[in-house]
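Residue strings, one per chain:
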Amino acid sequence: MTSHAPDPYNESVLGALIVLLALGVAGGVAAADSRAAVETFLGRLGAVNVSSLVVDQTLTLYDPAGRQAKSSGEQRLYLKLPRRQRVEQTVDGQREIRLSVDNRIWVRRADGRTYEAPPLEQRRDRTHLLVPLRRSGADLLAEWGALGVRADVSHETQVGGRVVTVIGAKPGERSVPQVWLDAERGVVRFVSREKLPVGESLVDLSFSEHRPLAGGFVFPYRQEAFVDGKLVVLVVVRSAAVNTNPDDALFDPELLKRGR
């Protein structure tokens, strides 16, 4: 792959996105619908036993207009439930490792420098949207609520002929935080307002092309991120494997600082 100077726009958006998703009587009914939709989805997972996940994927970054690919790279995601994650990525020849343990994130850049990410960047992690295991319906609604999603507002719509529950928005509301939940596939869309390096923006994450991994647990092999309606990141999964039990050393911040 040809190496050239990093694009500041792409670097800022990639860092932000990867690392990188009661109002009266009527509100009470909607909240009940939200809870029911989440519990139905979690119930489908049943006794699925997933303790770890390893994913290999390619990513493409687009120019600010969302029309032309500007950068490309590869990622490997290691995940150990419930709260450990490691992302190894190479974009335009520049390697970076992002390690997440509980609510803290460390980043090792291509120049060998390692730093702990600020709280704002830590809150941008959206892996919980893809792997909702080992959490209750109340946990998920609370996590989404912390990102601005109103659990007391919901409605149903159709996506590709499938019924989806939209949590956090009324019909026609496009620019408010919301979760689109498919009872079999999980989150298929997540919309939030984010303070990105390019300014406050509407971030729309789309998950599709789901494939079964274990029991009722499925994983999206295509993931797209839009900022203010423009495509900025496309992720295509090449392979995904569960319960391979990655080495605990991969998730050790001290070893990361030493270049492991």
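Structure shown above.
Residues numbered from 1 in each chain as written. Predicted model: local features only at pLDDT ≥ 70, side-chain atom pairs only at ≥ 80, totals over all residues. Heavy atoms only, no water.

Q: Please explain the overall build of the protein chain as it appears in this structure.
A: A tally of helices and strands in the protein chain yields six helices and 13 strands. Classification of the 260 residues of the protein chain by burial places 50% in the buried group. By element, 49% of the accessible surface of the protein chain is carried by carbon and sulfur atoms, the whole surface being about 12300 Å². (Helix = DSSP H or I, 4+ residues; strand = E, 2+ residues; numbered from the N terminus. Buried < 20%, exposed > 50% of the residue type's maximum accessible area, 1.4 Å probe, protein only. Areas by Shrake-Rupley, 256 points an atom, 1.4 Å probe, with all protein chains shown as cover.)

Q: Could you clarify how one ought to interpret the pattern of salt bridges in this entry?
A: Opposite charge on two side chains permits them to pair, given that their charged atoms come into close proximity. Scanning the model with the defined rule gives 15 salt bridges in all. Between Arg150 and Glu173 there is a salt bridge, with its nearest N and O atoms 3.0 Å apart. One end of the pair, Arg150, is in the loop between helix 5 (137-146) and strand 7 (154-159); the other, Glu173, is in the loop between strand 8 (162-167) and strand 9 (178-182), with 23 residues separating them in the sequence. Taking relative accessible area as the criterion, Arg150 reaches 30% and is therefore assigned partly exposed. On the accessibility criterion, Glu173 (25% relative accessible area) is partly exposed. Measuring nitrogen to oxygen at the nearest pair gives 2.6 Å for the salt bridge that ties Arg189 to Asp204. With a gap of 15 residues between them, Arg189 in strand 10 (residues 186-196) and Asp204 in strand 11 (residues 199-214) connect regions that are remote in the sequence. Overall, the relative accessible area of 16% leaves Asp204 in the buried class. In this structure, a network of salt bridges that share partners links the residues Lys80, Arg84 and Asp248. (Salt bridge = Lys/Arg side-chain N within 4 Å of Asp/Glu carboxyl O.)

Q: Please explain unusual backbone geometry as it appears in this structure.
A: Outside of glycine, negative phi angles account for most residues, and trans bonds account for most peptide bonds. Put simply, Leu81 and Pro82 share a cis peptide bond, and its omega is 10 degrees. Unusually for a residue other than glycine, Asp228 sits at a positive phi of about 50 degrees. Among the secondary structure elements, Asp228 is positioned in the loop between strand 12 (217-227) and strand 13 (230-242). In this model, Asn243 sits at a positive phi of 55 degrees, which is unusual for a non-glycine residue.

Q: Is there a simple way to think about helix 5 in this case?
A: The periodicity of an α-helix, 3.6 residues per turn, causes residues three or four places apart in sequence to face the same way. For helix 5, the full list of buried residues reads Gly137, Leu140, Leu141 and Trp144. Along helix 5, the residues classed as buried sweep out an arc of 95 degrees about the axis, all on the same side. Seen from the open side of helix 5, the exposed residues pointing more than 90 degrees away from its buried face are Ala138 and Ala146. Gly148 sits one or two residues past helix 5 and shows a positive phi near 100 degrees. (Arc of directions from axis to C-beta.)

Q: When you look at the packing of aromatic side chains in this model, what are you seeing that I'm missing?
A: Each aromatic ring pair is specified by the distance between its two centres and by the angle formed by the two planes. Applying the stated criterion across every chain, the model contains zero aromatic pairs. Above the plane of the ring of Trp180 lies Arg189, whose end atom (NZ or CZ) is 4.6 Å from the centre. Here Arg211 stacks its cationic end above the ring of Tyr221, 4.1 Å away from the centre of that ring. (Phe/Tyr/Trp six-rings, centres within 6.5 Å; stacked < 30°, edge-to-face > 60°. Lys NZ or Arg CZ within 6 Å of the ring centre and 35° of its normal.)

Q: Sorry if this is basic, but what is going on with the nonpolar core here?
A: Soluble, globular proteins show a tendency: their nonpolar side chains are buried together. Core analysis: the largest hydrophobic core is formed by 41 residues, its most contacted members being Val38, Val131, Trp144, Leu181 and Phe219. Setting aside its immediate chain neighbours within four residues, Val131 contacts Leu53, Leu79, Leu81, Phe217 and Phe219. Counting eight residues, the second-largest nonpolar core is a separate cluster that includes Tyr78, Val101, Trp106 and Leu256. (Core = buried A, V, L, I, M, F, W, Y, C linked by side-chain atoms within 4.5 Å. Contact = heavy atoms within 4.5 Å.)

Q: Please explain the pairing of strand 10 as it appears in this structure.
A: Each regular strand shows side chains that alternate between the opposite faces of the sheet. Most of strand 10 is tucked away, with eight of its eleven residues classed as buried. The sheet contact formed by strand 9 and strand 10 spans five bridges and is antiparallel. For Gln178, the partnering residue across the bridge sits in strand 10 and is Val191. Between the antiparallel neighbours strand 9 and strand 10 lie three residues. Bridge analysis of strand 10 against strand 11 gives eight bridges, and the strand direction is antiparallel. Among the inter-strand pairings, Arg189 is bridged to a residue of strand 11, identified as Ser206. Turn length for the strand 10-strand 11 hairpin, with the two strands adjacent in sequence and antiparallel, is two residues. (Pairing = 2+ DSSP bridges.)

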